[in-house]
Amino acid sequence: MSGMDHGVAARPVAARSRAILDAVSEIAAAIRQASASTIAGLAVDRARGLVGADGAVVYSWDDSARCLVPLYESASNTRASNLRPGQGMVGLAFESGHAVTSPDYRSWPGALRQSSARGMRAAAAVPLTIDGHAVGALGVWRDEPGEFESDALDLLTLFASLVAPVLEATRAAEAGEERLEVMSALNEIGRATAAVQNPAEICAMLIASAGELLGGVACAVALIDEREPTEGLCLPGPGFEMESARALELARLALDADAPIVEPGIIAVPLQSAANRLGALVVHQTDQDADRHLLELLTFAGGGQPSLRGPQ
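Numbering of residues starts from 1 in each chain and follows the order in which that chain's sequence is written. Side-chain atom pairs in this predicted model are given and counted only at pLDDT of 80 or more, local residue features only at pLDDT of at least 70, and totals for whole chains, interfaces and linings cover all residues. With hydrogens and water set aside, each side-chain value is computed from the structure's full complement of heavy atoms.

Visitor: What exactly am I supposed to notice about the overall build of the chain here?
Guide: The number of helices and strands found in the chain is eight helices and ten strands. Each residue is assigned to one of three classes by its accessible area relative to the maximum for its type, calculated with a 1.4 Å probe on protein chains only: buried under 20%, partly exposed between the two thresholds, exposed over 50%. Each of the 312 residues in the chain was classed as buried or not, and the buried ones make up 48%. The long-range fraction of contacts in the chain, counting pairs at least 24 apart against all pairs at least 6 apart in sequence, stands at 56%. Each accessible area is a Shrake-Rupley result for a 1.4 Å probe, and residues are judged covered by the shown protein chains and nothing else. Counting only carbon and sulfur atoms, one obtains 52% of the accessible surface of the chain, whose full area is about 14500 Å². Each helix corresponds to a stretch of at least 4 residues labelled H or I by DSSP, and each strand to a stretch of at least 2 residues labelled E; elements are numbered beginning at the N terminus. We call two residues contacting when some pair of their heavy atoms lies within 4.5 Å.

Spelled out as structure tokens, the structure:
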């Protein structure tokens, strides 16, 4: 049995209002020196306290990847994964723009296996909205079955609406900084490859720049041959331990889907244009946290294609 106090409805209105103001004030005060994940972490902690939850998670909408990405979650034996709109309770709250709740998540029709494995029973999710537009979602849960009181849901909805602008402002600032770094790296590659016509040399430059940009992660460029669909060439960077056949398989999947392939510890971003299917830039991290690089990798891969297209 959890030691959390679930008696939200019994708290006086003034006390609940003060709790919300204190929580939002703390989050707003941290915006100048905190990252989006830090802001999301504060939101998770305060949401748990406000509604007597045992766990919480904050998701943000990634427009480039067209999915919801977890920014911060309570510690558990299961890691939150990217979600499509309408997928799971968080995805449904985001898509519908309304709170979604269940007294026992395990029996909820839209339950996700990884969420059930986390031990979720009573569960609720509300959208993070700005001017009626959803930019993410906040999910909470308890370790025991039971209803989230209507007061608790109202409190959570209000809290989410106040946190959303702070979180989105932080994410926008980070995205701007990241884009400048990506553009600088691509500019360097463009200058360096101006006189190079060897695909292997250009791939080596892309791999080195991508690895440095993403904090030293292991990368590879997997090139496919449209004339021989089963053939291809994998050019790995330092520390890239994935087998070439697997990297080429991911490249083909990404090209066929015309979208990134995201798995635990792996991202494959397609390298292609309207007339050329080149392959994929593949990131492999054994720490299972590769998907945090998705936005930077999408931008980088898109900008790096012109350098490869001529020699290819």
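Now that the structure has been shown, the text picks up again.
Visitor: Would you mind going over the sheet that holds strand β4 (residues 123–130) with me for this structure?
Guide: Backbone hydrogen bonds are what pair the strands of a sheet, in a parallel or an antiparallel way. Strand pairing is defined by DSSP finding a minimum of two bridges between the two strands. The strand order across the open sheet built from five strands is β2-β1-β5-β4-β3, with neighbouring strands paired in antiparallel fashion. Edge positions in the sheet fall to β2 (67–73) and β3 (100–102), since each has one partner strand and no second. Neighbour-to-neighbour, the strand axes of this sheet turn through a mean angle of 20°, independent of strand direction. As defined by bridge partners, strand β1 (residues 55–62) adjoins β2 across six bridges and the pair is classed as antiparallel. For helices, the axis comes from a line fit to the C-alpha atoms of the stretch in contact; other axes are also lines fit to C-alpha atoms, and the angle between any two N-to-C directions lies between 0 and 180 degrees.

Visitor: Please explain helix α7 (residues 244–257) as it appears in this structure.
Guide: Given the number of residues in a helix, its expected span is that number minus one, multiplied by 1.5 Å. For α7, built from 14 residues, the straight-helix expectation of 20 Å at 1.5 Å per residue is met to within 8% by its first-to-last C-alpha distance of 20 Å. When α7 is considered as a whole, its buried residues turn out to be A247, L248, L250, A251, A254 and L255. One side of α7 carries all its buried residues, which in axial view fall inside an arc of 155°. Facing away from the buried side of α7, by more than 90 degrees, are the exposed residues A245 and D256. Where α7 terminates, the next one or two residues include D258, which has phi positive at roughly 55°. By definition, the arc is the one covered by directions from the helix axis to the C-beta atoms.

Visitor: Is there a simple way to explain the packing of aromatic side chains in this structure?
Guide: For any two aromatic rings, the description comes down to two numbers: the centre-to-centre distance and the angle of the planes. Here is the rule: rings of Phe, Tyr and Trp (six-membered ring for Trp) pair when centre to centre is within 6.5 Å. Planes less than 30 degrees apart are stacked, more than 60 are edge-to-face, and the remainder are tilted. Per the stated rule, a full pass over the model turns up two aromatic pairs. Ring centres of W61 and F94 lie 5.2 Å apart, and the angle between their planes is 20°; on these two criteria the pair is classed as stacked. A residue pair is termed long-range when its members are at least 10 positions apart, and W61 in strand β1 and F94 in helix α3 (residues 88–96) qualify at 33 residues. A residue is classified by how much of its surface remains accessible, and F94, at 12% relative accessible area, is buried.

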